[in-house]
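# Per-entry structural report
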Amino acid sequence: MKRKQLPILLLTLFIIGNALAALAPNYTILMAARIIAAVTHGSFFGVGFIIASELVSKEKRARAISIMFAGLTLASSFLMFPESLVLLIYLTSEFVFILHFPCPHPLLLF
């Protein structure tokens, strides 16, 4: 599998998992969808670290991984969590999943 194909596949599965969670008719399907999203999200981090370390010279590997880790942390912790919490308070949990399945991380838009 080429270097770009695996992250794209993982993000696609993540989007599918969130879409299933948003449309889940019962608790069992909701939990299965959340497991799909969780496994692919964690795998995306691991694959991303490997790709980041392979794209730069040996001396800059630690810096590349730290930049990627910082970006993913900022995207998920400081952008996704607060907005999801506000939406969850005023709307439904389904709306939060619907909002996030087209773009799992807002920083991917840049």
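Per chain, residue numbering runs from 1 following the sequence as it is written. Reporting in this predicted model follows two pLDDT cut-offs: at least 70 for local features of residues, and 80 or more for side-chain atom pairs to be given and counted; totals over whole chains, interfaces and linings ignore these cut-offs and use all residues. Excluding hydrogens and water, the side-chain values take into account all heavy atoms of the structure.

## Topic: the overall build of the protein
Helix numbers and strand numbers start at the N terminus; a helix is a DSSP run of H or I with at least 4 residues, a strand a run of E with at least 2. When you go through the protein residue by residue, the secondary structure sums to four helices and zero strands. Along the chain direction, N to C, the helices and strands of the protein fall in the order α-α-α-α. The classification of residues rests on relative accessible area computed with a 1.4 Å probe and restricted to protein chains. Under 20% of the type maximum is buried, over 50% is exposed, and intermediate values are partly exposed. Sorting the 110 residues of the protein into buried and exposed places 28% on the buried side. The contacts of the protein with a sequence gap of at least 6 include a subset with a gap of at least 24, amounting to 56%. For the protein, the accessible surface area stands at approximately 7500 Å², while carbon and sulfur atoms represent 74% of it. Should any heavy atoms of two residues lie within 4.5 Å, those residues are considered in contact. We get accessible surface area from the Shrake-Rupley algorithm with a probe of 1.4 Å; when it comes to residues, only the shown protein chains can shield them.

## A closer look at helix H2 (residues 27-55)
To estimate how far a helix should extend, the number of its residues minus one is multiplied by 1.5 Å. Over its 29 residues, H2 extends 42 Å from the first C-alpha to the last, a length consistent with the 42 Å expected when each residue adds 1.5 Å. Among all positions of H2, only Ala33, Ala37, Thr40, Phe44, Val47, Gly48, Ile51, Ala52 and Ser53 are buried. Among the residues of H2, the N-terminal cap falls to Asn26, whose side-chain oxygen and the backbone nitrogen of Thr28 are separated by 3.3 Å. Whenever two N or O atoms come within 3.5 Å, that pair is a polar contact, provided that in protein one can donate a hydrogen and the other can accept it, and provided that, for residues adjacent in sequence, both atoms are side-chain atoms.

## Overview of the confidence of the model for the protein
Along the chain, pLDDT gives the predictor's confidence residue by residue, from 0 to 100. Put simply, the protein has an average pLDDT of 78, and 70% of its residues get 70 or more. Across residues 106-110, where pLDDT falls below 50, the model places nine contacts with residues more than four positions away in sequence or in other chains.

## Considering the side chain of Thr40
With respect to the helices and strands, the residue Thr40 is situated in helix H2. Residue class for Thr40 comes out buried when judged on its relative accessible area of 6%.

## Some details on helix H1 (residues 5-23)
Under the 1.5 Å per step criterion, the end-to-end length of H1 is 27 Å for 19 residues, consistent within 8% with the ideal 27 Å. For H1, every residue scored as buried is listed here: Pro7, Leu10, Leu11, Phe14, Gly17, Asn18, Ala19, Ala21 and Ala22.

## A look at the side chain of Ser53
You can see Ser53 is positioned in helix H2. With relative accessibility at 15%, the residue Ser53 sits in the buried group.

## Describing a nonpolar patch on the surface
Think of a patch as exposed residues, more than 30% relative accessible area, with no salt bridge, where like charges cluster within 9 Å and nonpolar side chains (Val, Leu, Ile, Met, Phe, Trp, Tyr) cluster within 5 Å. For salt bridges, the criterion is a side-chain nitrogen of Lys or Arg within 4 Å of an Asp or Glu carboxyl oxygen. A surface patch of nonpolar side chains, about 600 Å² in accessible area, is lined by Met1, Leu6, Leu9, Leu13, Ile16, Leu20 and Ile36. One can find Leu20 in helix H1.

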